[in-house]
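Remarks on the overall topology
These are the residues of each chain, in order.
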Amino acid sequence: VGIIGGTGSGKSTLLNLMERFFDVTSGELDFRGRPIQESSLEDLRSSIAFVSQKKQLFRGTIRSNMLLGKPNASEEEIWQALKDSLAYEFVSRYKDGLDHEVEEGGQNFSGGQKQRLLIARALLSARPILFLDDATSALDYKSDLLVRQNIAKIKGLTLVMVSQRATSIKDCDDIYVLEAGKIVGEGTHEQLLESCPIYQEIYETQVKTK
């Protein structure tokens, strides 16, 4: 699922609904084929891995930060997650590898490196739902594409992706266009190019300036 054009309130509302901090007031939100209210909060929230725009890395090492996603993860599992997020290409160059220092907030990494590490941690958790909130915004278009292609290969994973880049979400099965917190368009990339002027404008502007 892709979401574009949303303000911060629109995005947070969606995540709050998914984690049941409050319930929908109309319509129905299903989880595993049943109304979401029928699932326990523990089961629901433990099923969602969330990567926000905030670079939530902590003082320690790359290993200690990765293990927050899965405390009992093997070294092989950590490296695989790093490969899937494209973080492997810079982590593997450190002499101390996974034991490389992480400063508070990840200040010793670039914005793109932080995002790759955070995505790796979320993938390592192996939760069935991955919620990315503009989590690839600091990556170049090629890296963004490669990360999404790697994520698409993971079986049983549902991706919910919020992005200001139409190119980042154009391959999603279903795309929602938000304006002022309201849905103004819904469909595939091709359908929205024909039916939603706002999406069409966003996409064409970004492609021209890419």
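The sections below set out a description of the structure shown in this document. (Residues numbered from 1 in each chain as written. Predicted model: local features only at pLDDT ≥ 70, side-chain atom pairs only at ≥ 80, totals over all residues. Heavy atoms only, no water.)

1. Considerations on the overall build of the protein chain
Counting its regular elements, the protein chain contains 10 helices and 10 strands. Computed over the C-alpha atoms, the radius of gyration of the protein chain is 18 Å, within 12% of the 17 Å expected from 2.2 N^0.38 for a compact globule of 210 residues. Burial status across the protein chain gives 44% buried among its 210 residues. Across the protein chain, contacts joining residues at least 24 apart in sequence account for 64% of those joining residues at least 6 apart. When the accessible surface of the protein chain is split by element, carbon and sulfur atoms take 49% of a total near 11200 Å². Each charge class in the protein chain was averaged separately, 26 positive and 30 negative side chains, and the resulting centres sit 5 Å apart. (Helix = DSSP H or I, 4+ residues; strand = E, 2+ residues; numbered from the N terminus. Rg over C-alpha atoms; globule rule 2.2 N^0.38 Å. Buried < 20%, exposed > 50% of the residue type's maximum accessible area, 1.4 Å probe, protein only. Contact = heavy atoms within 4.5 Å. Areas by Shrake-Rupley, 256 points an atom, 1.4 Å probe, with all protein chains shown as cover. Lys, Arg positive; Asp, Glu negative; His and termini not counted. Charge placed at Lys NZ, Arg CZ, Asp CG, Glu CD.)

2. Quick notes on the nonpolar core
One recurring pattern in soluble globular proteins is that nonpolar side chains are buried together. Judged by nonpolar contacts, the single largest core of 42 residues is most densely connected at L82, V91, L117, L130, L132 and Y199. Looking at which element gives the most residues to this core, the answer is helix α6 (residues 111–124), with 7 residues. Non-local contacts of L132, meaning those with residues more than four positions away in its chain, are made with V51, I119, I151, L159, V160, M161 and V162. Grouped together as the second largest cluster of nonpolar side chains are 12 residues, F31, I36, I48 and L178 included. (Core = buried A, V, L, I, M, F, W, Y, C linked by side-chain atoms within 4.5 Å.)

3. Topic: the pairing of strand β7 (residues 129–133)
With 5 of its 5 residues buried, β7 lies for the most part within the structure. Burial along β7 is two-sided: the residues I129, F131 and D133 and L130 and L132 are all buried. Here strand β4 (residues 48–51) runs beside β7; their pairing, made up of 4 bridges, is parallel. Looking at the pairing, A49 lines up with L130 of β7. The sheet contact formed by β7 and strand β8 (residues 158–163) spans 5 bridges and is parallel. (Pairing = 2+ DSSP bridges.)

4. Quick word on the packing of aromatic side chains
In the structure shown here, the tally under the stated rule is 6 aromatic pairs. Taking the centre distance of 6.4 Å and the plane angle of 65 degrees together, the rings of Y94 and F109 count as edge-to-face. You can see Y94 sitting in the loop between α5 (88–91) and β6 (101–102) and its partner F109 sitting in the loop between β6 and α6, a full 15 residues away along the chain. When its relative accessible area of 21% is taken as the criterion, Y94 is described as partly exposed. (Phe/Tyr/Trp six-rings, centres within 6.5 Å; stacked < 30°, edge-to-face > 60°.)

5. Re the sheet that holds strand β9 (residues 175–179)
Overall, mixed pairing links the 6 strands, which are arranged β4-β7-β8-β1-β9-β10 in an open sheet. Two strands in the sheet have a free side with no partner beyond their single neighbour: β4 and β10 (182–187). Strand-to-strand twist of the sheet, defined as the mean angle between neighbouring strand axes without regard to direction, takes the value 15 degrees. Seen against the sheet, α6 touches β4 and β7 and runs at an angle of roughly 175 degrees to β4. (Axes fitted to C-alpha atoms, helices over the stretch in contact; angles between N-to-C directions.)

6. Structural notes on the packing of helix α4 (residues 75–84) against α6
Their axes nearest at 8 Å, the elements α4 and α6 cross at an angle of 130 degrees. In terms of axis orientation, α4 runs oblique to α6. Seen from above, α4 lies across α6 with right-handed handedness. Here α4 contributes E77, I78, A81, L82 and D84 to the contact with α6, which in turn contributes L117, A120, L123 and L124. (Parallel < 35°, antiparallel > 145°, perpendicular 65-115°, else oblique. Left-handed = near helix turned anticlockwise from the far one by under 90°.)

7. What about unusual backbone geometry?
Even without being a glycine, R20 presents a positive backbone phi close to 60 degrees. Mapped onto the fold, R20 is located in the loop between α1 (8–18) and β2 (30–31). Note on R20: relative accessible area 21%, which makes it partly exposed. Of note in this structure, R32 is not a glycine but carries a positive phi near 55 degrees. Within the secondary structure, R32 is located in the loop between β2 and β3 (34–35).

8. Focus: the pattern of salt bridges
The full count for this structure, using the stated rule, is 11 salt bridges. For R34, the salt bridge is made with E38, and the minimal N-O distance between the two is 4.0 Å. Linking E75 and R63 is a salt bridge whose minimum nitrogen-to-oxygen distance equals 3.2 Å. Pair noted here: E75 is in helix α4 and R63 is in helix α3 (residues 62–66), with a separation of 12 residues, a long-range link. Owing to a relative accessible area of 44%, E75 belongs among the partly exposed residues under this scheme. Given a relative accessible area of 23%, R63 falls into the partly exposed group. If you follow the salt bridges from partner to partner, you end up with D144, R148, R165, K170 and D171 in one network. (Salt bridge = Lys/Arg side-chain N within 4 Å of Asp/Glu carboxyl O.)

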